[in-house]
Amino acid sequence: MRTLSYTVSAERDGVPLRNILRGELRLSYTLLKSLKWREGAILLNGAPAHVNAIVRMGDVVSVTLEERRAARELAPCALPLDIVYEDEDLLVINKPANVAMHPRRAEPGAPDVASALYSYLGDGSAAHFVSRLDKGTSGLFIAAKTGYVHDRLRVALHSEALRREYRAVAVGHVKPERGVIDLPIGRAEGSIVRRCVRPDGLPSVTEYETLARNERFTLLRLVPRTGRTHQLRVHMSALGFPLAGDWLYGTEDRELIARPALHSFELWFAHPLSGKDMYFTAPVPDDMARLICPEAQAFGPIR
């Protein structure tokens, strides 16, 4: 449970409580609608208040956020979580490769991140993924503990307020060595999974830069400026350099690497409540590192 509070300033004297809730506290329309019917969720100077009430300078507005949504599809899961950071509002987690985010994407009986978070946070919890990683993709992602924090972070996604960088290993020597891929992405005909570049697709932009290479592969820094399904994999394939191990957009070789060589390496964002700058990195896993440097046991953070 999380409580937000705001003391009414002179500039906001005389406005409806609704304006404070939507403006200063940034409650979404949907969240505000649900809170209106929850007893004691919205208080003005410690007493329940209607959203049309007029506030005065010095009044204290408080809102209690409580997740009541049942996680009906989730069951306890023993998957250990690599929690890089946690506070009362959110978690930053380093996901292993070949683990699905949700049970719908997992093999029967296989662990998934949502169920593991349900086990970790407790019965009645509802973690909200700010962005999702493909099953084969490793690395960092954010899980919000409330719908409110989720909304705030989703607004920031794909802006300078929430930046993500990936590391990837592509097949071949990527040319040119850096650039911007601006190609629209849509669903491939006849498939519910595969995406492709198509003129009527959604705008999709990826920045890329070569960091290292050997005879067979190129290590890349990838920055998605939009968030389309499989965007980084589709864009590199369209450029002519699919990711190593990418069975969907390139060539699968499980002896080489048992998943697409893609890792969520870096996260930078402003905390949605405190405003504090948050910065995290997760070292490139061994299976990707060995493609560039076969002797490597751990590639470590690469910039």
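Conventions and cut-offs
- Residues numbered from 1 in each chain as written.
- Predicted model: local features only at pLDDT ≥ 70, side-chain atom pairs only at ≥ 80, totals over all residues.
- Heavy atoms only, no water.
- Pairing = 2+ DSSP bridges.
- Helix = DSSP H or I, 4+ residues; strand = E, 2+ residues; numbered from the N terminus.
- Buried < 20%, exposed > 50% of the residue type's maximum accessible area, 1.4 Å probe, protein only.
- Contact = heavy atoms within 4.5 Å.
- Core = buried A, V, L, I, M, F, W, Y, C linked by side-chain atoms within 4.5 Å.
- Polar contact = N/O pair within 3.5 Å; in protein donor to acceptor, adjacent residues only side chain to side chain.
- 1 Å grid on protein atoms, 1.4 Å probe; cavity = no way out; pocket = protein on both sides within 12 Å on 5 of 7 lines; lining within 4 Å.
- Points joined across faces, edges and corners; volume = space filled by probe spheres on them.
- Nonpolar A, V, L, I, M, F, W, Y, C, P; charged D, E, K, R; others polar.
- Phe/Tyr/Trp six-rings, centres within 6.5 Å; stacked < 30°, edge-to-face > 60°.
- Lys NZ or Arg CZ within 6 Å of the ring centre and 35° of its normal.

**Q** Explain the sheet that holds strand 4 (residues 60-65) to me, and be specific about the residues and the numbers.
**A** The antiparallel open sheet is built from four strands, whose spatial order is 1-4-2-3. Two strands close off the open sheet at either side, each with one partner strand: strand 1 (2-7) and strand 3 (47-48). In this sheet, strand 4 lies alongside strand 1 in antiparallel orientation, the contact comprising six bridges. Within strand 4, the position partnered with S5 by the bridge is S62.

**Q** Please give an account of the environment of T229 that cites residues and values.
**A** Mapped onto the elements, T229 comes out in the loop between strand 14 (217-224) and helix 5 (231-238). For T229, a relative accessible area of 38% puts it in the partly exposed group. When sequence neighbours within four positions are dropped, the list of residues in contact with T229 reads I185 and R195.

**Q** Now, about the nonpolar core: what can you tell me, with residues and values included?
**A** Core analysis: the largest hydrophobic core is formed by 37 residues, its most contacted members being L21, L27, L162 and F269. Ranked by the residues each element gives to this core, the list is headed by helix 4 (residues 147-156), at four residues. L162 has contacts with V130, I142, L153, A156, L157, L267, W268 and F269, leaving out every residue within four places of it along the chain.

**Q** Please give an account of the side chain of T226 that cites residues and values.
**A** Tracing the sequence through the fold places T226 in the loop between strand 14 and helix 5. A polar contact is formed between the side chain of T226 and the backbone nitrogen of V205, at a distance of 3.0 Å. Only 2.7 Å separates the side chain of T226 from the side chain of Q231, close enough to count as a polar contact. Those residues in contact with T226 that lie beyond four places of it in its chain are H158, P203, S204, V205 and Q231.

**Q** Kindly report on helix 3 (residues 113-121), identifying the contributing residues and their values.
**A** Buried within helix 3 are the following residues: V113, A114, S115, A116, L117 and Y118. Where helix 3 is buried, its residues touch strand 6 (90-95), strand 7 (128-129) and strand 8 (138-144). Sitting at the amino-terminal end of helix 3 is D112, which places a side-chain oxygen 3.2 Å from the backbone nitrogen of A114. Directly after helix 3, the chain includes G122, whose backbone phi takes a positive value near 110°.

**Q** Quick one: what's the story with unusual backbone geometry, residue by residue and with numbers?
**A** Omega for the peptide link from K175 to P176 comes to -10°, which places this bond in the cis form. Topologically, P176 is positioned in the loop between strand 9 (162-171) and strand 10 (178-182). Unlike most non-glycine residues, N45 shows phi in positive territory, near 55°. Structurally, N45 is set in the loop between strand 2 (42-44) and strand 3.

**Q** Describe the layout of surface pockets, with residues and values.
**A** Estimated volume of the largest pocket: approximately 1,200 Å³. Taken together, 43 residues line the largest pocket, and the ones lying closest to its centre are L133, D134, K135, T229 and H230. Take the lining of the largest pocket: its biggest share by element is three residues, from helix 5. In terms of residue class, the lining of the largest pocket is built from 16 nonpolar, 13 polar and 14 charged.

**Q** Can you lay out the packing of aromatic side chains for me, pointing to particular residues and giving the numbers?
**A** Under the counting rule described, the total for this entry stands at three aromatic pairs. Ring centres of Y85 and F280 lie 5.5 Å apart, and the angle between their planes is 40°; on these two criteria the pair is classed as tilted. Placement of the pair is Y85 in strand 5 (residues 83-86) and F280 in strand 16 (residues 277-281), with a sequence separation of 195 residues. Residue F280 is classed as buried on the basis of its relative accessible area of 11%. Between the aromatic rings of F269 and F280, the centroid separation amounts to 6.3 Å while the plane-to-plane angle is 35°, which identifies the pairing as tilted. Placement of F269 in strand 15 (residues 262-270) and of F280 in strand 16 is noted, with a sequence separation of eleven residues between them. A relative accessible area of 0% means that F269 is categorised as buried. Joined through ring pairs, the aromatic side chains of Y85, F269 and F280 make up one cluster. Looking at R167, its charged tip hangs above the ring of F265, at a distance of 4.0 Å from the centre.

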